[in-house]
Amino acid sequence: MNRQDMREGLSHTNRCLYCDTPFYEEISWRWAFGLTDNQLLCPPCQNKLESITTIGCSMCGRPSVEKTMGKTGGSDPSGSDPPEIGYVDPSVRLPNTFIKHPDVLCLDCERWKDTGIWADHPLQHRALYVYNAHLQEVIARYKYRGDAKLSELFSGKLKKLTRSLGKIDTVTVIPLQEERLWERGFNQAELLAERFPVQHVLERTSSSDKQSKRDRSGRIAALKGAFSLSTAARQTDWQDKRVLIVDDIYTTGATLRAAAEVFYTEGASHVFAVTVARATGKMKREP
Ligand SMILES: [Zn+2]
Ligand SMILES: [Zn+2]
């Protein structure tokens with residue numbers, strides 16, 4: 001057996017799902033027993049993802065101020081602006097899991113509490129990664145260029161992130177606007193949620209159009225009543241139910257809060273959300 005054969009005997013050749021570069025993955029006993037995920041990205045692509053390991057807000061899951069990884073990590077796509085450090089107490093480093101009593105709040109969540117409508121309707125959210133330039137590219141590729149396979153990168157990890165949630169009665173996704181669905185042919189959130197028993201219970205109303213171009217107060221106003229329950233879901237008893245919403249990017253949280261409001265209005269006790277990417281600081285809005 002030559003050196004190359006030996007190497008192949010102990011490792012596994014993959015192609016990076018993102019850049020298509022072949023790479024070797026060492027086979028460990030954990031991998032052999034199915035205890036870890038198959039490596040889907042080459043090491044350079046993997047290293048550019050900034051995992052959120054600790055959070056500074058137990059409600060919205062805002063990451064702790066310091067960058068969590070990112071030795072070779074992507075930078076904030078908005079350029080040289082510093083992150084909005086004032087939002088989180090830098091000493092707060094909570095584990096990135098859901099908790100029973102989320103009472104450590106960032107300034108943004110404090111502001112949401114003051115908006116009235118959402119005061120008694122908390123939305124506990126957790127994300128896998130910081131929305132950096134590299135992740136923006138990865139998401140754009142599967143979302144707009146139809147490379148649907150890329151969602152495999154995240155669906156299993158999203159499932160793991162929800163292990164700390166406890167019992168959930170309904171898992172759902174944010175519906176895409178009709179014309180977007182027509183253009184793309186798929187709802188990216190649905191692909192991300194493929195490991196969950198997803199039920200399609202939300203519908204968009206006409207007032208949710210073009211919300212991404214408004215400022216914060218405009219977005220809040222437009223999002224009131226942006227979603228409604230589908231006809232079938234209106235027959236469901238939502239009293240004291242626990243609902244999980246899966247989506248791709250958390251920017252201001254306004255869309256997810258508007259969706260959560262539909263369930264709270266029907267009597268749900270808790271609404272949670274998980275996303276792949278958490279925008280921090282001044283991010284460019286998604287197109
Ligand atoms: Zn790669
Ligand atoms: Zn927060």
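A quick note: this is a predicted structure, and the numbers were derived from the prediction, not measured. (Residues numbered from 1 in each chain as written. Chains lettered and ligands numbered in written order. Predicted model: local features only at pLDDT ≥ 70, side-chain atom pairs only at ≥ 80, totals over all residues.)

**Some points on the overall build of the chain**
When its secondary structure is counted, the chain shows 10 helices and 10 strands. The proportion of buried residues among the 287 residues of the chain is 35%. Sequence-distant contacts in the chain: of pairs separated by 6 or more residues, those separated by 24 or more amount to 74%. (Helix = DSSP H or I, 4+ residues; strand = E, 2+ residues; numbered from the N terminus. Buried ≥ 20, exposed ≤ 12 C-beta atoms within 10 Å, placed from the backbone. Contact = placed C-beta atoms within 7 Å.)

**Digging into the sheet that holds strand β5 (residues 123-130)**
What the 4 strands build is an open sheet, ordered β5-β10-β9-β6; its pairing is parallel. In this open sheet, the two strands that pair with only one neighbour each are β5 and β6 (170-173). Strand after strand, the sheet turns through a mean of 20° between neighbouring axes, direction not considered. The pairing of β6 with strand β9 (residues 242-250) spans 4 bridges and is parallel. Along β9, the bridge assignment pairs threonine 170 with valine 243. The sheet contacts of helix α6 (residues 152-161) involve β5, β9 and β10 (270-278), and relative to β5 the element is tilted by about 140°. (Pairing = 2+ DSSP bridges. Axes fitted to C-alpha atoms, helices over the stretch in contact; angles between N-to-C directions.)

**Some words on helix α5 (residues 133-144)**
Taking 1.5 Å per residue as the helical rise, α5 with its 12 residues ought to reach 16 Å, and the 16 Å between its terminal C-alpha atoms agrees with that figure. When α5 is considered as a whole, its buried residues turn out to be His134, Leu135, Val138, Ile139, Tyr142 and Lys143. One side of α5 holds all its buried residues, which, seen down the axis, span an arc of 155°. Looking at the buried side of α5, the elements it contacts are β5, α8 (188-192), β9 and β10. (Expected span 1.5 Å × (residues − 1). Arc of directions from axis to C-beta.)

**Re helix α10 (residues 254-265)**
The end-to-end C-alpha separation of α10 is 16 Å, in line with the 16 Å expected for 12 residues at 1.5 Å each. In terms of burial, α10 is largely enclosed, as 11 of its 12 residues are buried. Residues of α10 that are buried include every one of Ala254, Thr255, Leu256, Arg257, Ala258, Ala259, Ala260, Glu261, Val262, Phe263 and Tyr264, and no others. A positive backbone phi angle near 105° is found at glycine 267, which sits one or two residues after α10.

**Some thoughts on unusual backbone geometry**
For aspartate 20, which is not glycine, the phi torsion reads 70° and is therefore positive. The residue aspartate 20 is located in the loop between β1 (11-15) and β2 (22-26) in this model. Classification of aspartate 20 by C-beta neighbours within 10 Å gives exposed; the count is 8. Not every positive phi belongs to a glycine, and aspartate 240 is a case in point at roughly 60°. Within the secondary structure, aspartate 240 is located in the loop between β8 (227-229) and β9. When the 10 C-beta atoms within 10 Å are taken as the criterion, aspartate 240 is described as exposed.

**Some points on the nonpolar core**
Counting 64 residues, the largest nonpolar core has Tyr129, Ile245, Val246, Ala259, Val271, Val276 and Ala277 as the members making the most contacts within it. Every element with two or more residues in this core is listed here: α4 (107-113), β5, α5, α6, α8, β9, α10 and β10. Here this core takes 8 residues from α10, the largest share from any one element. Taken domain by domain, this core gets at least three of its residues from each of domain 1 (3-46) and domain 2 (48-278). For isoleucine 245, the contacting residues outside a window of four places in its chain are Thr172, Val173, Ile174, Leu256, Ala259, Ala260, Val271 and Ala273. (Core = buried A, V, L, I, M, F, W, Y, C linked by C-beta atoms within 7 Å. Domains from an automatic or database assignment.)

**Side note on the environment of arginine 15**
In this fold, arginine 15 is placed in strand β1. Measuring from C-alpha to C-alpha, the distance between arginine 15 and cysteine 42 comes to 7.3 Å, with 27 residues separating the pair along the chain. Not counting residues up to four positions away in its chain, the partners in contact with arginine 15 are Asp20 and Pro22.

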